[in-house]
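# Summary of structural features
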Amino acid sequence: MIDTLVGFYAKSADAPPRDPDNEDVQQELRRRKWQVFFAITFGYGFYYVCRLSINVAKPLMDEAGVFDAAELGLIGSALYFSYAFGKLTNGVLADHVNQRRFMATGMFVSALANLFLGFTTIFWVFILLWGINGWFQSFGAASSVRSISNWYAGEERGSIYGMWASSHNIGEAVTFVGTAIVVSYFGWMWGFRASGIVCLLASFYMLMHVHERPAAYGLPSPRTQQGETGFKALRQMQLEVIKTPAVWIVALASASFYITRYAVNSWGIYFLQDARGYSTIEASSIVSVNAIAGIFGTFFSGILSDRLFQRRRNIPSLVFGVVYAFATWLFFFGPANKWAEITAMVLFGLALGALMVYLGGLIAVDICRKEVSGAALGVVGVASYIGAGVQDIISGRMIEDSKSIVNGVEVANFEAVGMFWLGSAIASIILALFVWNAKSPDD
């Protein structure tokens, strides 16, 4: 059984090399590169549909008395904590496995977990299945980044990484609009069921189009990647990543950034419904603006840093960090009107999209060897999602404790928890300054 499983996820052997100057070979290389790009971009976008389904359902579940805010915070944290440690272990594992099968498996199991959650209201079952969902969600990013390293040369990597990272904005927009419509008309359970069905289909798409490294097809590899690194050498390089202080500083900066990121994703709809009086569709539509704006921030972030800043991410990280903190303040503490909230979400999305690329992975990938990009992403990921998990527990508890009865209606006070979220955004800016001049051993 174990041997069969290991064999299923093992990398394919290199095919006999083909003539790199042959036009048919070059055409096949271009075709497979674009198939990989679109498969990991849209595929990882649908990973987010299965990850964020609960965030749209939260207000309705609380209103129906299924779970209160503190319980929803604990459930949400189960995904973040399992995802955090999954990002580290599966990030390391992704450097050794068949990317196509690995990524499709994660989506498949995540989709099943969502489907099952659409048929239960038992608290411990929610925590267990949402935690399982988090673990298999961690298959996605590491496989995607490793695929980028396999198929794209160093001078392309920043731009391609930025374009790929727009996948999370695509997934968020689909969730905040599509899932909101589903739960508004059919109830919160169908939010999980619909997400599961759609993502099952996405898993088969990824299985067809996420190709292994070029050498498995006899195709020429990017000139920055000359064949496979031996297991022992690869393991040693992975240990170097874990021992690199700059990687952990980036990880802490990303953790602070993720606290605020998931404050808006996890509680933004709840905040707008509870504190500002919007309906589910109205609140989801406002929050979805950040995802749509984030597509542009994410898509162009790598191109911006590659072409204007010669592959240096420090200056744009600082600029977008300041915008991110301002947008957080405007959303939670600014004027209580729709246009201020939409403006805040536009700025938040643009900055979040760029910082997702820089703090969420690319800076760490840049300062490590290309062969261990999965491990670098894993270190950043474990810190980021521990931060997100702690945020969900603290936020849920703070929101629940702040509730009071006003004119016969239970209302939460978001002032204290809003300061927690804003302070985390500011902390991410300060921490990022400590790796201003960090460089890769390959440079």
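Everything that follows concerns the structure shown earlier in this document.
Residues numbered from 1 in each chain as written. Predicted model: local features only at pLDDT ≥ 70, side-chain atom pairs only at ≥ 80, totals over all residues. Heavy atoms only, no water.

## Observations concerning the overall build of the chain
Spelled out, the test is: Helix numbers and strand numbers start at the N terminus; a helix is a DSSP run of H or I with at least 4 residues, a strand a run of E with at least 2. For each residue, the accessible area found with a 1.4 Å probe, counting protein chains only, is set against the maximum for its type, and the residue is called buried under 20%, exposed over 50%, and partly exposed in between. A contact between two residues is defined here by any heavy atoms of the two lying within 4.5 Å. Working definition of accessibility: Shrake-Rupley area with a 1.4 Å probe, residue cover restricted to the visible protein chains.
In terms of regular secondary structure, the chain is built from 15 helices and two strands. Within the chain, buried positions represent 59% of all 443 residues. Residue pairs in contact within the chain that sit at least 24 positions apart in sequence constitute 85% of those at least 6 positions apart. Total accessible area on the chain stands at roughly 17100 Å², and carbon and sulfur atoms take up 67% of it.

## Section: the packing of aromatic side chains
Think of a pair of aromatic rings as described by two things: how far the centres are apart, and how the planes are tilted against each other in angle. Note the cut-off: To pair, rings of Phe, Tyr and Trp, with the six-membered ring standing in for Trp, must have centres within 6.5 Å; the planes then decide the type, stacked if under 30 degrees apart, edge-to-face if over 60, and tilted in the middle.
Scanning the model with the defined rule gives 34 aromatic pairs in all. Seen in terms of ring centroids, Tyr-80 and Tyr-262 are 4.9 Å apart; in terms of plane orientation they differ by 55°. Their pairing is tilted. Of this pair, Tyr-80 sits in helix H3 (residues 69-94) while Tyr-262 sits in helix H10 (residues 245-276), placing them 182 residues apart in sequence. Of the residues examined, Tyr-80 reaches a relative accessible area of 4% and is grouped as buried. Taken together, a centroid distance of 4.2 Å and an interplanar angle of 5° make the contact between Phe-102 and Phe-139 stacked.

## Remarks on the pattern of salt bridges
The line we're drawing: Think of a salt bridge as a Lys or Arg side-chain nitrogen and an Asp or Glu carboxyl oxygen that are within 4 Å of each other.
Applying the stated criterion across every chain, the model contains ten salt bridges. In this structure, Arg-30 and Glu-23 form a salt bridge, with 3.1 Å as the shortest nitrogen-oxygen distance. Here Arg-30 falls in the partly exposed class, since its relative accessible area comes to 42%. A salt bridge links Lys-58 to Asp-392; its shortest N-O distance comes to 3.8 Å. With a gap of 334 residues between them, Lys-58 in helix H2 (residues 23-63) and Asp-392 in helix H14 (residues 373-401) connect regions that are remote in the sequence.

## Things to note about helix H7 (residues 167-186)
Keep this limit in mind: Helix span, as expected, comes to 1.5 Å for every residue beyond the first. Bending is quantified residue by residue as the angle between axes fitted to the seven-residue window ending at that residue and the seven-residue window starting at it.
For H7, with 20 residues, the first-to-last C-alpha span of 27 Å sits near the 28 Å given by 1.5 Å per residue. Along its length, H7 shows its largest kink, about 25°, at Thr-175. Residues of H7 that are buried include every one of Ser-167, His-168, Asn-169, Gly-171, Glu-172, Ala-173, Thr-175, Phe-176, Thr-179, Ala-180 and Val-183, and no others. One or two residues past the end of H7 sits Gly-187, with phi positive at roughly 100°.

## Brief notes about the packing of helix H12 (residues 314-333) against helix H13 (residues 338-366)
For clarity, the cut-off: Lines are fitted to the C-alpha atoms to define the axes, a helix being fitted only along its stretch in contact, and any angle between axes, read from their N-to-C directions, falls within 0 to 180 degrees. Each crossing gets its hand from how the near helix is turned against the far one by less than a right angle, where anticlockwise is left-handed and clockwise is right-handed. Throughout this entry, Asp, Glu, Lys and Arg are counted as charged residues, while Ala, Val, Leu, Ile, Met, Phe, Trp, Tyr, Cys and Pro are counted as nonpolar. The remaining residues, Gly among them, count as polar.
Running from N to C, H12 and H13 point in directions that differ by 145°, and their axes come no closer than 8 Å. Considering the relative orientation of H12 and H13, their crossing is left-handed. Residue classes in the contact of H12 with H13 are distributed as 20 nonpolar, four polar and one charged.

## A few points about a nonpolar patch on the surface
We apply this condition: Patches were defined on residues exceeding 30% relative accessible area and lacking a salt bridge, with like-charge contacts within 9 Å and nonpolar side-chain contacts (Val, Leu, Ile, Met, Phe, Trp, Tyr) within 5 Å.
On the surface, Val-177, Ile-181, Tyr-185, Phe-186, Trp-190, Ile-197 and Ile-281 cluster together to form a nonpolar patch covering roughly 700 Å² of accessible area. Taken together, the elements giving at least two residues each to the nonpolar patch come down to H7 and helix H8 (188-209). At four residues, the largest contribution of residues to the nonpolar patch is made by H7. With respect to the element layout, Ile-181 can be found in helix H7.

## Observations concerning H2
Compared with the 60 Å implied by 1.5 Å per residue over 41 residues, the 62 Å span of H2 between its first and last C-alpha is a close match. Of all the bends in H2, the greatest reaches close to 45° and is centred on Ala-57; the proline Pro-59 follows between one and four positions later. In terms of burial, H2 is a largely internal element, 29 of the 41 residues being buried. Remark: Gly-65 follows H2 within two positions and exhibits a positive phi of approximately 80°.

## Remarks on the environment of Ala-70
Looking at the element boundaries, Ala-70 is found in helix H3. Sequence-wise, Ala-70 and Ile-393 are 323 residues apart; in three dimensions their C-alpha atoms are separated by 7.0 Å. Residues contacting Ala-70, with those up to four places away along its chain left out, are Gly-396, Arg-397 and Glu-400.

## Concerning the environment of Gln-137
Note the following rule: Counting of polar contacts relies on pairs of N or O atoms within 3.5 Å, with two restrictions inside protein: one atom must be capable of donating a hydrogen and the other of accepting it, and residues adjacent in sequence are counted only when both atoms are side-chain atoms.
Tracing the sequence through the fold places Gln-137 in helix H5 (residues 123-151). A sequence separation of 89 residues divides Gln-137 from Tyr-48, and the C-alpha atoms of the two residues are 8.4 Å apart. Ignoring anything within four residues of it in the chain, the contact list for Gln-137 reads Tyr-47, Cys-50, Arg-51, Tyr-83 and Ser-110. At 2.8 Å, the side chain of Gln-137 and the side chain of Arg-51 are in polar contact. A polar atom in the side chain of Gln-137 sits 2.8 Å from the side chain of Ser-110.

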